[in-house]
2 protein chains.
Amino acid sequence: MPAQTWLTALQENGYRLTASRRAVVETVAATHRALTPLEVFDLARESHPELGLVTVYRTLEKLEELHLIQRVHQPHGCQAFISASQGHQHLLLCRKCGQVIFFDGDNLDGLFERVIQDSGYTIQEHWLQLFGLCPACQTTP
Amino acid sequence: MPAQTWLTALQENGYRLTASRRAVVETVAATHRALTPLEVFDLARESHPELGLVTVYRTLEKLEELHLIQRVHQPHGCQAFISASQGHQHLLLCRKCGQVIFFDGDNLDGLFERVIQDSGYTIQEHWLQLFGLCPACQTTP
DNA sequence: ATTTTTATTGAAAATCTTTTTCATTGTAAA
DNA sequence: TTTACAATGAAAAAGATTTTCAATAAAAAT
Ligand SMILES: [Mn+2]
Ligand SMILES: [Mn+2]
Ligand SMILES: [Zn+2]
Ligand SMILES: [Zn+2]
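Before going into details, it helps to say that this report is about the structure given with it. (Residues numbered from 1 in each chain as written. Chains lettered and ligands numbered in written order. Predicted model: local features only at pLDDT ≥ 70, side-chain atom pairs only at ≥ 80, totals over all residues. Heavy atoms only, no water.)

### Section: the overall build of chain A
- Across its full length, chain A holds 6 helices and 5 strands.
- Each of the three principal axes of chain A carries a C-alpha extent, and together these read 55 × 45 × 25 Å.
- Per-residue burial over chain A gives 45% buried out of 141 residues.
- Partitioning the intrachain contacts of chain A with sequence separation of at least 6 by distance along the chain shows that 49% fall at a separation of at least 24.
- Here chain A has roughly 7600 Å² of accessible surface; of this, 50% comes from carbon and sulfur atoms.
- Computed over 11 positive and 15 negative side-chain charges, the separation of the two mean positions in chain A equals 9 Å. (Helix = DSSP H or I, 4+ residues; strand = E, 2+ residues; numbered from the N terminus. Buried < 20%, exposed > 50% of the residue type's maximum accessible area, 1.4 Å probe, protein only. Contact = heavy atoms within 4.5 Å. Areas by Shrake-Rupley, 256 points an atom, 1.4 Å probe, with all protein chains shown as cover. Lys, Arg positive; Asp, Glu negative; His and termini not counted. Charge placed at Lys NZ, Arg CZ, Asp CG, Glu CD.)

### Some words on the coordination of the zinc ion (ligand 4)
All names here are of chain B.
- All of the protein donors around the zinc ion (ligand 4) are Cys 94 (SG), Cys 97 (SG), Cys 134 (SG) and Cys 137 (SG); their distances to the metal are 2.3 to 2.4 Å.
- Between consecutive donors of the zinc ion (ligand 4), the numbers of intervening residues give the motif C-x2-C-x36-C-x2-C. Within this pair, whereas Cys 94 is found in strand 3 (residues 90-94), its partner Cys 134 is found in the loop between strand 5 (122-133) and helix 6 (135-139), the two being separated by 40 residues in sequence. (Donors = N, O, S within 2.8 Å, 3.2 Å for Na, K, Ca; no water.)

### Some points on the protein's contact with DNA strand C
- Near DNA strand C there are 18 residues, and of these Arg 21, Thr 55 and Arg 58 of chain A together with Arg 16 and Tyr 57 of chain B occur at the shortest range.
- A breakdown of the atoms of DNA strand C within 4 Å of the protein gives sugar and phosphate a share of 67%.
- Contact distances for DNA strand C include 3.0 Å between a phosphate oxygen and a side-chain N or O atom of Ser 20 of chain A.
- Separating a phosphate oxygen of DNA strand C from a side-chain N or O atom of Arg 21 of chain A is a distance of 2.8 Å.
- Only helix 2 (19-30) and helix 4 (53-65) of chain A together with helix 4 (53-65) of chain B provide two or more residues apiece to the surface near DNA strand C.
- Among the residues forming the surface near DNA strand C, the class breakdown is 6 nonpolar, 6 polar and 6 charged. (Near = heavy atom within 4 Å. Polar contact = N/O pair within 3.5 Å; in protein donor to acceptor, adjacent residues only side chain to side chain. Nonpolar A, V, L, I, M, F, W, Y, C, P; charged D, E, K, R; others polar.)

### What to know about the sheet that holds strand 5 of chain B
- Taken together, the 6 strands give an open sheet; going across it, the order is 4(A)-3(A)-5(A)-5(B)-3(B)-4(B), and neighbouring strands pair in mixed fashion. The two strands at the open ends of the sheet, each matched to only one other strand, are strand 4 (100-103) of chain A together with strand 4 (100-103) of chain B. Direction aside, the axes of adjacent strands within the sheet are offset by 25° on average.
- Of the pairings in the sheet, the one linking strand 5 (residues 122-133) of chain A to strand 5 of chain B comprises 11 bridges and is antiparallel in character. Each bridged residue has a counterpart across the sheet, and for Gln 129 of chain A the counterpart in strand 5 of chain B is Trp 127 of chain B.
- Along the sheet face, helix 5 (residues 109-119) of chain A touches strand 5 of chain A together with strand 3, strand 4 and strand 5 of chain B and points at about 130° away from the line of strand 5 of chain A.
- Helix 5 (residues 109-119) of chain B contacts strand 3 (90-94), strand 4 and strand 5 of chain A together with strand 5 of chain B of the sheet and is inclined by roughly 130° relative to strand 5 of chain B. (Pairing = 2+ DSSP bridges. Axes fitted to C-alpha atoms, helices over the stretch in contact; angles between N-to-C directions.)

### Re the protein's contact with DNA strand D
- Around DNA strand D sit 18 residues, and of these Tyr 57 and Gln 79 of chain A together with Thr 18, Thr 55 and Arg 58 of chain B come closest.
- The share of sugar and phosphate among atoms of DNA strand D within 4 Å of the protein is 64%.
- Here a phosphate oxygen of DNA strand D and a side-chain polar atom of Thr 55 of chain B are 2.2 Å apart.
- Where the surface near DNA strand D is concerned, the elements lending two or more residues are helix 4 of chain A together with helix 2 (19-30) and helix 4 of chain B.
- Residues of the surface near DNA strand D, tallied by class, amount to 6 nonpolar, 6 polar and 6 charged.

### Focus: the relation of the copies chain A and chain B
- By a simple turn and slide, chain A fits onto chain B: the slide is 0.0 Å along the axis, the RMSD is 0.1 Å, and the turn is 179°. The transformation relating the two chain copies, once decomposed into turn and shift, fits a two-fold axis. The C-alpha atom lying nearest the rotation axis in chain A is that of Leu 128 of chain A; the distance is 2.3 Å.
- With an isologous cut-off of 70% or more, the 100% of interface residues of chain A that recur at the interface of chain B puts this contact in the isologous class. (Least-squares fit on C-alpha atoms with pLDDT ≥ 70 in both.)

Without other data, these values stay purely geometric and don't point to any function.
In C-alpha cells:
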C-alpha cells in the first residue's frame, strides 16, 4: 500500500500533514514485517532524526483507528503493527525473518457450524494465523 | 482441571509446595475465563491476604512452563492466562463475560495445502480463535 | 502575502506493568 | 531436629506507554 494513500486518508479525516507523520507512515508502509513502536522510531529517525517516540505512538494510534495498519499477535509479543490488508484476511508469518503475507479464502463455515451446535455460542469473529518459514528462510538454516 | 493435579505437578518438577502457590493455583484452576496477573492477585488474596504480586508472576511463569496454563490473546490485551487444554485445541471466547471453552477437530489441511502452494512457505504452527457470545450472555443484553 | 487559529510536536514528567534484588522465612531432605 | 536452600514479599529498578505543557508549524481566514 503506497504511503501517499495513507497520508491522503489522514488528511481526509481532518489530521494535518506533518514531516513527522510522513516519516512514520513511510517507514511502516515500506516494511513487510510487523514493527514495534520502538522499531518504527529507530527506522524513521534515519530519515527524520528530530522525530519523537511519542509521535510514533500517536501516529500508529491514528493509523490503526483508520484501519490502515493492524496489530500483529505473536508468541513473543503483541505490540507490533503492519500495513493492513483490505477486507478480511489472515496472516502467515515467517518465524525466522518475520516476513508477513496475507491469505484469504478460508472456508471454516463447516467447523463453525459444528462448534455452534456443540457449544451453544454464537460466533461473531475469528482469528486465524499461521506460522512457518518463508522460501528464503528455508534455504538458509 | 483440579488444583491438586497442578500442585502435584509442581512438586514432581522439584518445586516446593507453599501456601502462596496454593492460593494462586486454586484461583486459576477454579476460573473459567482468562485472568491477568493482577486479577489473580486480587482473587487469591481473598483467601490468602499475605500473597505478593511478585509471587503471582513467578507462579504463573512456572505453570506456563509446565503447560498447565496458557496465555490468551485478545483484542484488548494478551497478558491473561487460563487453565490449559490437553493436546492441541482452540479457543472460543465470550466477548461479554469472558467465558472460555475449548474445541478441537479443525480440519484445515486443505486450506494449508493451498496456502503452501501459493506462498512457498512451510507451515509449522497455527492459531485459531473464535469470538462470540456464550448461551448465558445471548439472553441478557 | 500576512495574520490568525488551533492541531501537532517533542521533552519531561507521570503512570503502569513487569523484573530484579535481597534479607527473611518456610519447605523438604538429611 | 538440624541443615540446606528454594521461596517469599517489600522495595527498588527497569521498561513501556501515556499525560502534560510550552513552543511550533499547518491550514484557514483575511
Ligand atoms: Mn496477542
Ligand atoms: Mn488446530
Ligand atoms: Zn523468512
Ligand atoms: Zn458470556
